[in-house]
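Breakdown of the fold
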Amino acid sequence: MPDEIKQRLLTWSDQRISKDGVIIIKAQTHRSQEKNKAEALQRLQEMLALAAAVPVPRRPTRPTRSSQRKRLQSKTQRGEIKSMRGKVRD
């Protein structure tokens, strides 16, 4: 296995990967041992295929003016609703 894939697997916070870097896959859905082994191998292959895919780097974008305006309007509206929850004064 290439070192890049190993490093990607080790950075995952997956419960199937131990602290020592050992991958533990448990399969016990079938009654026969051969079918369970085949299912475990299939899951391992899927896991390695996910790790082999190079992630596309995120391009940072800025929020649009209308989205900023909507967010601020909703915040002020929510604040007005919360301010009306106070005690009633005579």
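That block above? That's the structure.
These numbers were taken from a predicted model, which means no experiment stands behind them.

**Concerning the overall build of the protein chain**
Helix and strand content of the protein chain: 3 helices and 0 strands. Going from N to C terminus, the protein chain has its helices and strands arranged as α-α-α. Taking 12 Å as the expected radius of gyration for a compact globule of 90 residues, we find that the protein chain reaches 25 Å, considerably beyond that expectation. Expressed as lengths along the three principal axes of its C-alpha atoms, the size of the protein chain is roughly 80 × 35 × 25 Å. Carbon and sulfur atoms make up 52% of the accessible area of the protein chain, which amounts to about 8900 Å² in all. Put simply, the protein chain has 22 plus and 9 minus side-chain charges, and the middle of one group is 12 Å from the middle of the other.

**Focus on the nonpolar core**
If you look at the biggest cluster of nonpolar residues, it comprises 5 residues: Ile5, Leu9, Ile17, Met47 and Ala51. Elements represented by at least two residues in this core include exactly helix H1 (3-11) and helix H2 (33-52). Those residues in contact with Ile17 that lie beyond four places of it in its chain are Leu9, Leu10, Trp12, Val22, Ile23 and Met47.

**Focus: the packing of H1 against H2**
Relative to each other, H1 and H2 sit at 105 degrees, their axes nearing to 9 Å. Taken together, the axes of H1 and H2 are roughly perpendicular relative to one another. Contacts between H1 and H2 involve Ile5, Arg8 and Leu9 on the former and, on the latter, Met47, Leu48, Ala51 and Ala52. Tallied by class, residues from the contact of H1 with H2 come to 6 nonpolar, no polar and 1 charged.

**Looking at the pattern of salt bridges**
Within this structure, the stated rule accounts for 3 salt bridges. We note a salt bridge from Arg16 to Asp14, for which the minimum N-O separation is 2.8 Å. Judged by its relative accessible area of 30%, Arg16 is partly exposed. Arg43 is the salt-bridge partner of Glu39, the closest N and O atoms lying 2.8 Å from each other.

**Description of the environment of Met1**
Within the element layout of this structure, Met1 appears in the segment before H1. A sequence separation of 51 residues divides Met1 from Ala52, and the C-alpha atoms of the two residues are 9.8 Å apart.

**A short note on the side chain of Asn36**
Tracing the chain through its elements places Asn36 in helix H2. Among residues more than four places away in sequence, those in contact with Asn36 are Ala27, Gln28, Thr29 and His30.

**Focus: the environment of Ser32**
Structurally, Ser32 can be placed in the loop between H1 and H2. In terms of polar contacts, Ser32 uses its side chain to reach the backbone amide nitrogen of Lys35, at 3.4 Å.

So, how was this worked out
- Numbering of residues begins from 1 in every chain and follows the order in which that chain's sequence is written.
- Two thresholds apply to this predicted model, a pLDDT of at least 70 for residue-level local features and 80 or more for giving and counting side-chain atom pairs, whereas whole-chain, interface and lining totals are computed over all residues.
- To get the side-chain values, all heavy atoms of the structure are used, and hydrogens and water are removed first.
- For the purposes of this entry, the term helix denotes a DSSP run of H or I that reaches at least four residues, the term strand denotes a run of E that reaches at least two, and both are numbered from the N terminus.
- The size measure is the radius of gyration over C-alpha atoms, and the globule rule it meets is 2.2 Å times the number of residues to the 0.38 power.
- Computed by Shrake-Rupley with a 1.4 Å probe, the accessible areas treat only the displayed protein chains as cover when residues are assessed.
- The charged-residue count follows a simple rule in which Lys and Arg add positive charge and Asp and Glu add negative charge, with His and chain termini not counted at all.
- One atom stands in for each charge, and that atom is NZ of Lys, CZ of Arg, CG of Asp or CD of Glu.
- By nonpolar core is meant a set of buried Ala, Val, Leu, Ile, Met, Phe, Trp, Tyr and Cys residues that side-chain atoms within 4.5 Å join together.
- Relative accessible area decides the class of each residue, using a 1.4 Å probe on protein chains only: under 20% of the type maximum gives buried, over 50% gives exposed, and in between gives partly exposed.
- In what follows, a contact means two residues having at least one pair of non-hydrogen atoms within 4.5 Å.
- Interaxial angles span 0 to 180 degrees and are taken between N-to-C directions of axes, which are lines fitted to C-alpha atoms, for helices over the stretch in contact.
- Angles are sorted into four bins: roughly parallel if under 35 degrees, roughly antiparallel if over 145, roughly perpendicular if 65 to 115, and oblique for all others.
- Residue classes follow a fixed rule: Ala, Val, Leu, Ile, Met, Phe, Trp, Tyr, Cys and Pro count as nonpolar, while Asp, Glu, Lys and Arg count as charged, and any other residue, Gly among them, counts as polar.
- The salt bridge definition used is simple: a Lys or Arg side-chain nitrogen within 4 Å of an Asp or Glu carboxyl oxygen.
- The term polar contact refers here to a pair of N or O atoms within 3.5 Å; inside protein, the definition further demands a hydrogen-donor-capable atom paired with an acceptor-capable atom, and it admits residues adjacent in sequence only when both atoms are side-chain atoms.

Just geometry here; none of it tells us what the structure is for.
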